[in-house]
Protein chains: 2
Amino acid sequence: MTVTRSTNGGRRTARRIRHEDLVRLRMTLGRLGRVLRQQTDDGLSYALISLMFAIHRMQPASAGDLATSEGVSPPSVTRSLNRLVELGLVAREADPLDRRNAVISLTPAGEQERQRILRSREVWLSDHLARLTDEQLHALLGVLPVLELLCDPELP
Amino acid sequence: MTVTRSTNGGRRTARRIRHEDLVRLRMTLGRLGRVLRQQTDDGLSYALISLMFAIHRMQPASAGDLATSEGVSPPSVTRSLNRLVELGLVAREADPLDRRNAVISLTPAGEQERQRILRSREVWLSDHLARLTDEQLHALLGVLPVLELLCDPELP
DNA sequence: AGGATTACTTTACATGGTTATATATTGGGT
DNA sequence: ACCCAATATATAACCATGTAAAGTAATCCT
């Protein structure tokens, strides 16, 4: 499998990645994701937490913006918002300028919850990071921006 | 939050990871995982593919072994196996020595499918890896073993 | 022999993703 | 001014895949 990219200078470089590495990457990231998505952090699921962070970043956000930012379909966002509104963590009102738009924001309780999550121990992850050597941990944090880039919804 | 590990020499080192990094790591890996799990690779879901690889590694495997190896509950494995057996990719028979055990193996069609997956382009992942510079790609592949370690079901 | 244990399956449920369809609002053309 | 198309969200129905709890069959132990 050949991956091509444009370099700084505008040249294009062909790179070869072994299929085996691709499969390992897919399987490993897939599994890690599953495990992390199942950690409920005492109450809120991954999907809801992720949405709350997105709301915080984009506040005040429309539902469609959130769907784009989260990389999921609008109905999925609608359902999650329903839940967050029920829980009193999120406020949803109609945009007075264009009443088709929903204006979404965190309630004070939602902001408080967001900060609680930020401070939380992230038990599973912490425990498992403890298996790593300092070098491994350093390397992992070093590629964090790369991982973020990999699933950035802004890019093509 | 403090993470502790034992070093080569048996010493213990306390390391501090910023909460923010923990949260970023969790959110990013969670999202990547979701995306990758949704790539169906023309027919088979992530869960089924992952299970087939596990079967291949452990062949002949019992259902319980597979559940442990996949880090999922036995009912989940049972259901996935039902599907794979339906598809003719996996054979399930009773262990003649202990008829409570299921003996699971890939059929020839299953092995063929496994190899097809190994050769497949992994479209989404390939395309997105193309965004990375050579250095980023190298770094990512470099931490692959670390990521694998992080979710290794063998370890505590 | 018979009860406890083991291994797997069945059942029932929750979450969160999808597509297709419905509803309400806005804006534009004549 | 009115109607139609487009837009933003919501609803409905479906699917996959995780769980926990209860059921079944086989084995083991005394």
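Residues numbered from 1 in each chain as written. Chains lettered and ligands numbered in written order. Predicted model: local features only at pLDDT ≥ 70, side-chain atom pairs only at ≥ 80, totals over all residues. Heavy atoms only, no water.

S.K.: Mind showing me how you'd approach the overall build of chain A here?
M.R.: Along the backbone of chain A there are 7 helices and 4 strands. Shown N-terminal to C-terminal, the secondary structure of chain A runs as helices and strands in the order β-β-α-α-α-α-β-β-α-α-α. A total of 156 residues make up chain A; the buried ones form 46% of that total. Within chain A, contacts between residues at least 6 apart in sequence are counted, and of these 41% link residues at least 24 apart. In the structure as shown, chain A presents an accessible area of about 8,100 Å², 51% of it carried by carbon and sulfur atoms. (Helix = DSSP H or I, 4+ residues; strand = E, 2+ residues; numbered from the N terminus. Buried < 20%, exposed > 50% of the residue type's maximum accessible area, 1.4 Å probe, protein only. Contact = heavy atoms within 4.5 Å. Areas by Shrake-Rupley, 256 points an atom, 1.4 Å probe, with all protein chains shown as cover.)

S.K.: What is the right way to look at the pattern of salt bridges in this model?
M.R.: Side chains bearing opposite charge may pair, as long as their charged atoms lie close to each other. Residue and element names in this part refer to chain B. If you walk through the whole model with that rule in mind, you get 20 salt bridges over all chains. D21 serves as the salt-bridge partner of R18, at 3.3 Å between the closest nitrogen and oxygen. Assessed through its relative accessible area of 11%, D21 is described here as buried. D21 is the salt-bridge partner of R24, the closest N and O atoms lying 3.7 Å from each other. With R24 and D21 both in helix α1 (residues 19-38), this residue pair falls 3 residues apart, about one helical turn. Judged by its relative accessible area of 27%, R24 falls in the partly exposed class. (Salt bridge = Lys/Arg side-chain N within 4 Å of Asp/Glu carboxyl O.)

S.K.: Even after reading the chapter, I still don't get the interface of chain A and chain B, so can you show me in this structure?
M.R.: Many authors give the size of an interface as the accessible area that is lost as the parts come together. The interface of chain A with chain B comprises 68 residues on the first partner and 67 residues on the second. Applying the counting criterion to the chain A and chain B interface returns 6 salt bridges. Across the salt bridge formed by R26(A) and E122(B), the nearest N and O atoms sit 3.5 Å from each other. Here chain A and chain B share 27 residue pairs in polar contact (both at pLDDT 80 or more) between them. Those elements that place two or more of their residues in the side of chain A that touches chain B are β1 (2-6), β2 (12-16), α1 (19-38), α2 (46-58), α3 (63-70), α5 (108-119), α6 (123-129) and α7 (134-150) of chain A. In terms of residue count, the dominant contributor to the side of chain A that touches chain B is α1(A) (17 residues). Counted by class, the side of chain A that touches chain B contains 36 nonpolar, 15 polar and 17 charged residues. (Polar contact = N/O pair within 3.5 Å; in protein donor to acceptor, adjacent residues only side chain to side chain. Nonpolar A, V, L, I, M, F, W, Y, C, P; charged D, E, K, R; others polar.)

S.K.: Help me understand the relation of the copies chain A and chain B in this model?
M.R.: The two chain copies are related to each other by a rotation about an axis together with a translation along it. Mapping chain A onto chain B leaves a residual RMSD of 0.1 Å; the transformation is a rotation of 180° accompanied by 0.0 Å of translation along its axis. Those values place the two copies in the arrangement expected of a two-fold rotation axis. Closest to the rotation axis within chain A is the C-alpha of G33(A), separated from it by 1.9 Å. Of the interface residues in chain A, 99% have counterparts in chain B that sit at the interface too, so the contact is made through matching surfaces. (Least-squares fit on C-alpha atoms with pLDDT ≥ 70 in both.)

S.K.: Quick question: what am I supposed to make of helix α3 (residues 63-70) of chain B here?
M.R.: Every α-helical turn comprises 3.6 residues, leaving residues that sit three or four positions apart pointing alike. Burial in α3(B) covers these residues: L66(B), A67(B), S69(B) and E70(B). Mapping the buried residues of α3(B) onto a view down its axis gives an arc of 165°, with all of them on the same face. On its buried face, α3(B) is in contact with α1 of chain A together with α2 (46-58), α4 (74-86) and β4 (102-106) of chain B. (Arc of directions from axis to C-beta.)

S.K.: I tried to follow the protein's contact with DNA strand C on my own but got confused; where do I start?
M.R.: Taken together, 24 residues are adjacent to DNA strand C, and S45(A), S73(A), R79(A), T78(B) and R92(B) come closest. Sugar and phosphate atoms represent 64% of those atoms of DNA strand C found within 4 Å of the protein. S45(A) places a polar side-chain atom, nitrogen or oxygen, 2.3 Å from a phosphate oxygen of DNA strand C. In the environment of DNA strand C, a phosphate oxygen lies 2.4 Å from a nitrogen or oxygen atom belonging to the side chain of S73(A). Residue contributions to the surface near DNA strand C peak at 4 residues, all from α4(B). Residues that form the surface near DNA strand C fall into these classes: 7 nonpolar, 8 polar and 9 charged. (Near = heavy atom within 4 Å.)

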